[in-house]
Amino acid sequence: MDVLATGWTTDADHWTLTSEPRPPGRHVGVDVTTAGGHRCWGTGCVLEQQPQTDRVQLTTGSDDTGPSTLIVSARADVRAVVVRLSDGTREDLRLHALPDRTDVRVAVLVYPRRLDVHRIDLYDAAGTRFPD
């Protein structure tokens, strides 16, 4: 299993973004442990082996007590992902390379369950926003 990234939320929850080969492609998942030590249900998806045709694929999840999670799988032509939450917060996500894949990169957002994702904007290398 490859650890792509780890981090902490503003509520002191710890998260880990991982990836591993799993038929029919590559599994990407995020695991969260709350500040109180509760291990939340993981959120994950399998990216199939063939090149991703959609500009972006989203996977969301949460359990009954922990934060919400968002995994973004973006084609290589997407260079930036910006998420706006319901409280007006702007989150600039970091895209991570996947082992053995050059066609997609992944990002994760772990955010308070009281908030909603209101908008996701994707940008190319020139800084131009892709159309909705």
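Relevant structure appears above.
Residues numbered from 1 in each chain as written. Predicted model: local features only at pLDDT ≥ 70, side-chain atom pairs only at ≥ 80, totals over all residues. Heavy atoms only, no water.

This brings us to the overall build of the chain. Within the chain, the secondary structure is distributed over zero helices and 11 strands. Of the regular secondary structure in the chain, the N- to C-terminal order runs β-β-β-β-β-β-β-β-β-β-β. Taking 14 Å as the expected radius of gyration for a compact globule of 132 residues, we find that the chain reaches 14 Å, a close match to that expectation. When the backbone C-alpha atoms are referred to their principal axes, the chain occupies close to 40 × 35 × 20 Å. Considering the chain as a whole, with its 132 residues, one finds that 43% of them fall into the buried category. Counting only contacts in the chain whose residues sit at least 6 apart along the sequence, the fraction spanning at least 24 positions is 48%. (Helix = DSSP H or I, 4+ residues; strand = E, 2+ residues; numbered from the N terminus. Rg over C-alpha atoms; globule rule 2.2 N^0.38 Å. Buried < 20%, exposed > 50% of the residue type's maximum accessible area, 1.4 Å probe, protein only. Contact = heavy atoms within 4.5 Å.)

All right, on to the pattern of salt bridges then. Here the structure, examined in full by the defined rule, presents 10 salt bridges. The shortest N-O distance in the salt bridge between arginine 22 and glutamate 20 comes to 2.8 Å. When the shortest N-O distance is used, the salt bridge between arginine 129 and aspartate 121 registers 3.8 Å. Overall, the relative accessible area of 9% leaves aspartate 121 in the buried class. Here the salt bridges share partners, and the residues they tie into one network are Arg119, Asp121, Arg129 and Asp132. (Salt bridge = Lys/Arg side-chain N within 4 Å of Asp/Glu carboxyl O.)

This part is about the pairing of strand 5 (residues 56–61). Note on strand geometry: in a regular strand, side chains alternate between the two faces of the sheet. Inspection of the sheet shows strand 5 paired to strand 6 (residues 68–75) by six bridges, in the antiparallel sense. Note on strand 6: the bridge partner recorded for valine 56 is alanine 74. From the end of strand 5 to the start of strand 6, which pair antiparallel, there are six residues. (Pairing = 2+ DSSP bridges.)

Here we come to the side chain of histidine 96. Along the polypeptide, histidine 96 turns up in strand 9 (residues 96–98). Within the local environment of histidine 96, its side chain forms a polar contact with the backbone oxygen of arginine 94, the two atoms lying 3.4 Å apart. Beyond its immediate stretch of four places on either side in the chain, histidine 96 contacts Leu4, Ala5, Leu17, Arg105, Val106 and Ala107. (Polar contact = N/O pair within 3.5 Å; in protein donor to acceptor, adjacent residues only side chain to side chain.)

What follows deals with the pairing of strand 8 (residues 90–93). Bridge analysis of strand 7 (residues 80–85) against strand 8 gives four bridges, and the strand direction is antiparallel. The residue bridging valine 83 from the neighbouring strand is glutamate 91, located in strand 8. Following strand 7, the chain reverses through four residues before pairing antiparallel with strand 8; glycine 88 in that reversal takes a positive phi of roughly 90°.

With that settled, the discussion passes to the sheet that holds strand 10 (residues 101–111). Across the sheet, which stays open at both edges, the four strands sit in the order 5-6-10-9 with antiparallel pairing between neighbours. Taken across any chain shown, the strands that pair with only one partner, and hence form the sheet edges, are strand 5 and strand 9. Mean inter-strand twist for the sheet, computed between neighbouring axes without regard to direction, equals 25°. Pairing of strand 9 with strand 10 involves three bridges; the strand directions are antiparallel. Bridging across to strand 10, leucine 98 finds its partner in arginine 101. (Axes fitted to C-alpha atoms, helices over the stretch in contact; angles between N-to-C directions.)

Within the largest apolar cluster, 16 residues are counted, with the highest numbers of intra-cluster contacts made by Trp15, Leu17, Val28 and Val30. When contributions to this core are tallied by element, the ones reaching two or more residues are strand 1 (2–8), strand 2 (14–22), strand 3 (25–33), strand 4 (43–48) and strand 10. Formed by 15 residues, the second largest nonpolar core is a distinct cluster that contains Leu70, Ala74, Val78 and Leu109. (Core = buried A, V, L, I, M, F, W, Y, C linked by side-chain atoms within 4.5 Å.)

All we've got here are geometric facts, nothing functional implied.
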